[in-house]
Amino acid sequence: MIDTAVPASAHAGRAALRTVLLALLCSALQAWLPRIPLGAAALAPLSLVLGVMVAAGLSRGRWTVPAGLLGVLLGGALAAQAWPVLIAEAAVLALQTALTGWLLRHAADAHLLQLDDGPRLRRFAVVAAPAAATLGALATAALAAASDGQALFSRPVAAAAAGRWVADWAAIVIVAPVLLCWLARPLEAWRLRRRPVAMPLLLLMAVMLPGIHQVARRDETRLQVRFDHDAASRQQRLQQLAADPLDVVLALRSVLVVGGSQLTAASFDTLAASWMQRSPGLRAAGWVELPADGAADAPVAPGHLHAPQPAAAQALQGSPVLVRLARRALADEAPHAEPAAPGAAAMLLAQALPAEAKAPRRVVVALLDLQRQLEPALPDADDPNLRLCVYDGRTEATSGLQRLAGPEACNTRATEGATRTQAGRLQLADRRLDLLVIEPPTADNRLFTAAWLLALPTLTGMAMLAVLLLALTGRLRRIEDRVRERTAALQTEVEERRRAERVAAESEQRFRAIFDSVPIGVTLVDREGRLTMVNPAFCRMMGCEADALLNRPLTEIRLPDVSEDDGTAEALGGGGATRQRYLTADGRVLQVAASLRTLNDATGAPVATVGALQDLTQVLRLREAERERDEAAVAIRTKSDFLARLSHELRAPLNAILGFAQMLDDAGSDGGPVTGGGRQRGLSQIRQAGWHLLDMINDVLDLSRMEAGSLRLHLEPVSLPDLAQEAMGMVEPAAQQAGVELALSLSPQAEWVQADPMRLRQVLVNLLSNAIKYNRRGGRVELRARPAGVGELRIEVEDTGVGIPEDKLGELFTPFHRLGRERGATPGRLQDQGTGIGLVICRKLLELMAGELEVSSRLGEGSVFGVRLPRAEGDAAHGQHSEVNSLMTPLASQVAIGSVLYIEDDPRDQAEVQGLLGRLPGVSLVCVGTAAEGLRQAPMADLVLLDLDLPDRPGIEVLRQLRADARMRDVPVIVVSAETRPQRIDDCIDAGAAQFLAKPIDAGLLLRAVEGALKGG
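Treat the numbers as computed from the prediction; the structure is a model and nothing was measured.

K.L.:
Mind showing me how you'd approach the overall build of the protein chain here?
P.N.:
A tally of helices and strands in the protein chain yields 25 helices and 30 strands. For the protein chain, the proportion of its 1017 residues judged to be buried stands at 42%. In the protein chain, the proportion of contacts linking residues at least 24 apart, taken out of those at least 6 apart, comes to 65%.

Next up, the structure:
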């Protein structure tokens, strides 16, 4: 309760203090500031009070209006202003303040009172202030018209209203912003305007208002001097005009004195008419007669009266004023004047003639219209600048002034609202006339004075300066606000940028740490294909420094990509990875899994490519090892299957041999004779089984030699018709036995083929035997030959047998796999029990003869086995032949001479080679058991035979060292080893071996190799 009551009382106290201060300020302005006349208008303190109240009302609320009005009433009372006028002005002031506040507070802009931009200033200076000024101008016009009796749209009223409008508008536009610099809420928007807005405007008002006031005083002095001069000249002129009727009376008196009784009325009228023309105000002239004794009660006899107008004559006849005036004139013979009647504007003039003895006294009388007489010197009735009133000087103020000349306004309120007045006197005979010269409030010589012409542009300029200062300071404040906002934004941006730089630096450090330490290679390639960034891992992979790679075209180190990947790159680098190859600094081929990503700029155009490269060397080695392991496992399984099938195939003929032999033995032991037919059948079965067993052993040996690379082939031109006839003759008994028809169809363009005749015969016999064996009774087997491609012949064996299922064609060349045909064989028919490796041997033989074996089959229709072989070259091929082994090594046939060094640690192999080479008379052999001894003896040899398994170092290293020695670079080296793995053979050939011979040593092959090497072939 206490905490809330104290602030409330403090707030009420401050509000009361502000109310009192506002009332005192308005009271001081109203009471002590001068009212500066601006011609017909005036720069009243009320306009300044209006600016103060507008500022207070806008900043502190409507409660300030009563306080301001109280101050206005108090100030007006101190300045002794009329209460009705003061109350009216206060009411108008309250309406003006309320209208201004309503127009500004009910605008759509909530921040209108800041007056800091064009729309807000237009609302203030062009809408609200003119509206309040218009209300004050209308009130001023209404008050002026009501107080002075002028027309509402008269020029003075309009000038006064215009002056009030300018004063009120300028006061609102100038004074209100000055006070808002201290009163506005919130004060922050106005505090900064005190120096650039309030101080200049206060200084200008302090200088300009006294200046305008001084100019207004000079204008008033000038106007007063002009008024005094006009009044004096008018008074002089009026006096002259007032003296003219007296001259006429004096002249007529002289005429009567001179003419006496002889002057006739007609002569008098003639003279009177001429003199009356000089004084337009004279309406009648004549004389009256009184008795000579001048008794007071003596009757006045009418003499003669000249009156152009009958009304004038009637006014003189029987007038008691005329009688009284004539008697007064007889007293001193001086001219006398008196109003013709009480309240009348006409004057009676009278002057007595000199007295004559016992003659009646004459008095010259005249009726004067003073308005008409003085009219040449009087202003026009509609003259707005000057008004003249002539009154009878002998009337009392209590009974009212008797107007003798002047406008009707002289009768009532002659001086009401008058700007200036001056009183004077005129003398008409013995009568005093009062003259009142008046400058009415409608005087138009005050409409546009120097003060007005100075105040109008000055106040307008100050108001426009106030608006300009408000606009400039508002713009400056907006600029400062924007600068502050921009500065704050920049500071925020700088802080964010610093934060971003710190984050970027940390990110750069993290990126650099990751980039430098990541185990995979990372590259950045620009759009020109140059390396712009590489990490240490890639440098290690390439075997060089980063400087050797940067700005280098990628095409210099990148080899063509691997067209087909086995999935290694995708498995290691992800779904989008591809296998790429690079050439390292030491000449190695580096295979990597590359994951590429394109970097685009803001427009989406590619600018660089980032590559993540993972070394596949270890993976490929592992894959190779796994592949070799799988191949070894397959080879082991194949060997196991091969041995199992071989065991099975060997048991069949052995069972037949043993069974029939045991049967013959049992028959002999039982003592029973063995008939000739039974003995022959048993021996025949034993013989067939033996031959079958021999064929099987030969086939197995041939297959083994082909796989070992030791099978010898003698390629020569072969007459295909002769060979075909031989093959057909060999299978003809089997065909007859199976009931199969044989047919031979040979093209004349397919007579000679390049092949080994024995092996080609073996292939044809095997194919024909299979075609007969797996045919149906009554079937047909056709052997045909025809040209194929360029330099090739095609031999086809077609049967009409049962055919081979399509899904079994892939198993056709598997050793000892007969596709289940062995289950359909007839027991005891050995010709139906094949070895299962014939087609394998045929295929390998044809490959060794640069040919190939193809097969096509339709189940239930038969099969076609096609052989492609090269055609024999030219007719000169007759009788020519060449010998080739399974490694396609050329053999020499001429005598060789030279020294042979055999590096071998096994004495048995040394003895075998020594015995074989002893057949060559021109060859000398030196045998050593270690690599060191061999390297020492090698420079003296013409040929080196090298074993790979040496006791002191591997033979492959000895081979490389021999190839690196300049002395041994041209000496051929033949490797003789039992390690016949293809990879080992390739390594030896790559290391520089001239030939590779497998153990056990083939004598003929060794001799031909030695002869060829020594002869340089």
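K.L.:
Help me understand the side chain of His 304, please; the structure alone is not making it clear to me.
P.N.:
Summarising the element assignment, His 304 is placed in strand S4 (residues 301–306). One polar contact links His 304 to Asp 269, side chain to side chain, over a distance of 2.4 Å. Apart from residues lying up to four places away in sequence, His 304 is in contact with Ala 265, Phe 268, Asp 269, Ala 285, Gly 286 and Trp 287.

K.L.:
Is there a simple way to explain the pattern of salt bridges in this structure?
P.N.:
Side chains that differ in sign of charge can pair as their charged atoms come close. Scanning the model with the defined rule gives 32 salt bridges in all. Among the salt bridges present, the one from Arg 120 reaches Asp 117, with a minimum N-O distance of 3.8 Å. Arg 120 sits in the buried class, given a relative accessible area of 11%. With its nearest N and O atoms 3.0 Å apart, the salt bridge here joins Arg 868 to Glu 792. With a gap of 76 residues between them, Arg 868 in strand S24 (residues 862–870) and Glu 792 in strand S22 (residues 792–799) connect regions that are remote in the sequence. Taking the relative accessible area as the measure of exposure, Arg 868 reaches 23% and is therefore partly exposed. For Glu 792, a relative accessible area of 29% puts it in the partly exposed group.

K.L.:
Hey, could you run me through the packing of aromatic side chains in this one?
P.N.:
Any aromatic ring pair is given by two values, namely how distant the centres are and how the planes are angled relative to each other. One pass over the structure, following the stated rule, counts three aromatic pairs. Centroid distance Phe 268 to Trp 287: 4.8 Å. Interplanar angle 85°. Geometry classified as edge-to-face. Placement of the pair is Phe 268 in helix H9 (residues 265–278) and Trp 287 in strand S3 (residues 282–290), with a sequence separation of 19 residues. Comparing Phe 268 with Trp 287 shows no difference in burial state: the two are buried. Relative to Tyr 582, the ring of Phe 538 has its centre 5.9 Å away and its plane inclined at 85°; by these criteria the two rings are edge-to-face.

K.L.:
Whenever I open this one, the environment of Ala 998 confuses me. Can you help?
P.N.:
Structurally, the position occupied by Ala 998 is in strand S30 (residues 995–998). Along the chain, Ala 998 and Ala 978 lie 20 residues apart, while their C-alpha atoms are 5.5 Å from each other.

K.L.:
Sorry, what's going on with the nonpolar core here?
P.N.:
Considering soluble globular proteins, one finds that nonpolar side chains tend to be buried as a cluster. Residues Val 72, Leu 93, Phe 124, Val 173, Ile 174 and Trp 190 are the most contacted members of the largest nonpolar core, which totals 56 residues. For this core, the element with the most residues is helix H6 (residues 155–183), which contributes 11 residues. If sequence neighbours within four positions are ignored, Val 173 has contacts with Phe 124, Ala 125, Ala 129, Ala 463, Ala 466 and Val 467. One finds Leu 720, Val 765, Leu 793 and Leu 845 within the second-largest nonpolar core, a separate group that totals 45 residues.

K.L.:
Please explain the packing of helix H19 (residues 757–773) against helix H20 (residues 838–848) as it appears in this structure.
P.N.:
How two helices pack is summed up by the angle between their axes together with the distance between the axes. Following both chains from N to C, one finds H19 and H20 inclined at 145°, their axes separated by 10 Å at the closest point. In this structure, the crossing between H19 and H20 has a hand that is left-handed. Within the contact between the two elements, H19 uses Arg 759, Gln 762, Val 763, Asn 766, Leu 767 and Asn 770 and H20 uses Gly 838, Leu 839, Ile 841, Cys 842, Leu 845 and Leu 846. Each residue belonging to the contact of H19 with H20 can be placed in one class, and the counts come to seven nonpolar, four polar and one charged.

K.L.:
How should the sheet that holds strand S5 (residues 336–339) be read in this particular structure?
P.N.:
Strands in a sheet are paired, the pairing made by backbone hydrogen bonds, and the direction either parallel or antiparallel. The strand order across the open sheet built from five strands is S4-S3-S7-S6-S5, with neighbouring strands paired in antiparallel fashion. Each edge of the open sheet is held by one strand with a lone partner, namely S4 and S5. For this sheet, the mean angle separating the axes of adjacent strands, direction not counted, is 25°. Across the face of the sheet, helix H11 (residues 320–332) comes into contact with S3, S5, strand S6 (346–352) and strand S7 (361–369) while running at roughly 160° to S5.

K.L.:
Help me understand the pairing of strand S27 (residues 923–928) in this model?
P.N.:
Consecutive side chains of a regular strand alternate in pointing toward one face of the sheet and then the other. Relative to S27, strand S26 (residues 898–903) runs parallel, the two being bridged by six bridges. Pairing of Ile 903 across the sheet is with Val 928, part of S27. Between the parallel pair S26 and S27, the chain is carried across by helix H21 (residues 907–917), and the sense of this crossover is right-handed.

K.L.:
Help me understand the sheet that holds strand S16 (residues 589–600) in this model?
P.N.:
Spatial ordering of the open sheet is given by S13-S12-S17-S16-S15-S14, a layout of six strands whose pairing is antiparallel. The two strands at the open ends of the sheet, each matched to only one other strand, are strand S13 (531–534) and strand S14 (558–559). Relative to S13, strand S12 (residues 521–526) runs antiparallel, the two sharing three bridges. Following the sheet pairing, Thr 523 is matched in S13 by Val 534.

K.L.:
Please clarify how unusual backbone geometry should be interpreted in this entry.
P.N.:
For residues that are not glycine, phi is negative in most cases, and the peptide bond is trans in most cases. A positive phi angle is found at Asn 551, which is not glycine, with a value near 60°. Locating Asn 551 in the fold gives a position in the loop between helix H14 (536–542) and S14. Located in the positive-phi region is Ala 850, a residue other than glycine, with phi close to 65°. Within the secondary structure, Ala 850 sits in the loop between H20 and strand S23 (852–858).

K.L.:
I'm lost on the pairing of S16 in this one. Help?
P.N.:
Note: strand S15 (residues 578–583) against S16, six bridges, orientation antiparallel. Residue pairing across strands places Gln 580 opposite Val 592, the latter belonging to S16. A loop of five residues connects S15 with S16, the two strands running antiparallel in sequence, and Gly 587 in this loop sits at a positive phi of about 90°. Here S16 pairs with strand S17 (residues 606–615) via nine bridges, running antiparallel. Counted as the bridge partner of Ala 594 is Leu 613 from S17. The antiparallel hairpin formed by S16 and S17 contains five residues in its connecting segment, where Gly 604 sits at a positive phi of about 90°.

K.L.:
How do you make sense of the packing of helix H8 (residues 194–259) against H9 when you look at a structure like this?
P.N.:
Between H8 and H9, the shortest axis-to-axis distance is 10 Å and the interhelical angle comes to 160°. Relative to H9, the element H8 lies roughly antiparallel. Handedness of the H8/H9 crossing: right-handed. Across the interface between the two elements, Val 248, Ala 251, Leu 252, Val 255 and Leu 256 of H8 pack against Phe 268, Leu 271, Ala 272 and Trp 275 of H9. Here the residues of the contact of H8 with H9 are counted per class, giving nine nonpolar, no polar and no charged.

K.L.:
Is there a simple way to explain a nonpolar patch on the surface in this structure?
P.N.:
Taken together, the side chains of Leu 17, Val 20, Leu 21 and Leu 24 define a hydrophobic patch exposed on the protein surface, amounting to about 380 Å² of accessible area. Here Val 20 is to be found in helix H1 (residues 2–32). Using a relative accessible area of 46% as the deciding quantity, one classes Val 20 as partly exposed.

K.L.:
Can you help me understand H19 in this one?
P.N.:
Side chains of residues three or four places apart in an α-helix project in the same direction, reflecting 3.6 residues per turn. With 17 residues, H19 ought to run about 24 Å at 1.5 Å a step, and its terminal C-alpha atoms sit 24 Å apart, in line with that. Within H19, the full set of buried residues consists of Arg 759, Leu 760, Val 763, Leu 764, Val 765, Asn 766, Leu 767, Leu 768, Asn 770, Ala 771 and Ile 772. Sitting at the head of H19, Asp 756 places a side-chain oxygen 3.1 Å from the backbone nitrogen of Met 758.

K.L.:
It is not clear to me how the confidence of the model for the protein chain should be interpreted in this structure. Could you clarify?
P.N.:
Note that predicted coordinates carrying low pLDDT should not be read in detail. On average, residues of the protein chain score 78 in pLDDT, and 78% of them are at 70 or above. Of all secondary-structure elements in the protein chain, the lowest mean pLDDT belongs to strand S25 (residues 882–885), at 40, while strand S28 (residues 943–946) reaches the highest, 92. Contacts from residues 822–832, a stretch scored under 50 in pLDDT, to residues over four places away or in other chains number 11 contacts.

K.L.:
Any chance you could explain the side chain of Thr 523 here in plain terms?
P.N.:
Mapped onto the elements of the fold, Thr 523 is located in strand S12. Look at Thr 523 and you get buried, because its relative accessible area is 7%. Setting aside chain neighbours within four positions, we find Thr 523 in contact with Leu 531, Met 533, Val 534, Phe 538, Thr 609, Val 610, Gly 611 and Leu 613.

K.L.:
Before we go on, may I ask you to explain the environment of Val 437 in this structure?
P.N.:
Residue placement: Val 437 occurs in strand S11 (residues 431–439). Its relative accessible area of 2% is what places Val 437 among the buried residues. For the pair Val 437 and Ala 231, spaced 206 residues apart in sequence, the C-alpha to C-alpha distance is 6.1 Å.

K.L.:
Got a minute to help me understand helix H18 (residues 720–738) in this structure?
P.N.:
Compared with an ideal rise of 1.5 Å per residue, which puts 19 residues at 27 Å, H18 spans 26 Å between its outermost C-alpha atoms and is within 8% of the ideal. Where H18 bends most, the angle comes to about 45°, and this point is Glu 732, followed within four residues by the proline Pro 733. Turning to H18, its buried residues number three or more, namely Leu 720, Leu 723, Ala 724, Ala 727, Met 728, Val 731, Ala 735 and Ala 738.

K.L.:
Which parts of the structure should I look at to understand the environment of Pro 66?
P.N.:
Within the element layout of this structure, Pro 66 appears in helix H3 (residues 64–78). Considered as a pair, Pro 66 and Thr 19 are 47 residues apart in the sequence and their alpha carbons are 8.9 Å apart.

Conventions adopted
- Residues numbered from 1 in each chain as written.
- Predicted model: local features only at pLDDT ≥ 70, side-chain atom pairs only at ≥ 80, totals over all residues.
- Heavy atoms only, no water.
- Helix = DSSP H or I, 4+ residues; strand = E, 2+ residues; numbered from the N terminus.
- Buried < 20%, exposed > 50% of the residue type's maximum accessible area, 1.4 Å probe, protein only.
- Contact = heavy atoms within 4.5 Å.
- Polar contact = N/O pair within 3.5 Å; in protein donor to acceptor, adjacent residues only side chain to side chain.
- Salt bridge = Lys/Arg side-chain N within 4 Å of Asp/Glu carboxyl O.
- Phe/Tyr/Trp six-rings, centres within 6.5 Å; stacked < 30°, edge-to-face > 60°.
- Core = buried A, V, L, I, M, F, W, Y, C linked by side-chain atoms within 4.5 Å.
- Axes fitted to C-alpha atoms, helices over the stretch in contact; angles between N-to-C directions.
- Left-handed = near helix turned anticlockwise from the far one by under 90°.
- Nonpolar A, V, L, I, M, F, W, Y, C, P; charged D, E, K, R; others polar.
- Pairing = 2+ DSSP bridges.
- Right-handed = clockwise from strand over helix to strand, strands pointing away.
- Parallel < 35°, antiparallel > 145°, perpendicular 65-115°, else oblique.
- Patch = residues over 30% accessible without salt bridge, like charges linked within 9 Å, V, L, I, M, F, W, Y side chains within 5 Å.
- Areas by Shrake-Rupley, 256 points an atom, 1.4 Å probe, with all protein chains shown as cover.
- Expected span 1.5 Å × (residues − 1).
- pLDDT = per-residue confidence, 0-100.
- Bend = angle between axes of the 7 residues up to and from the residue.

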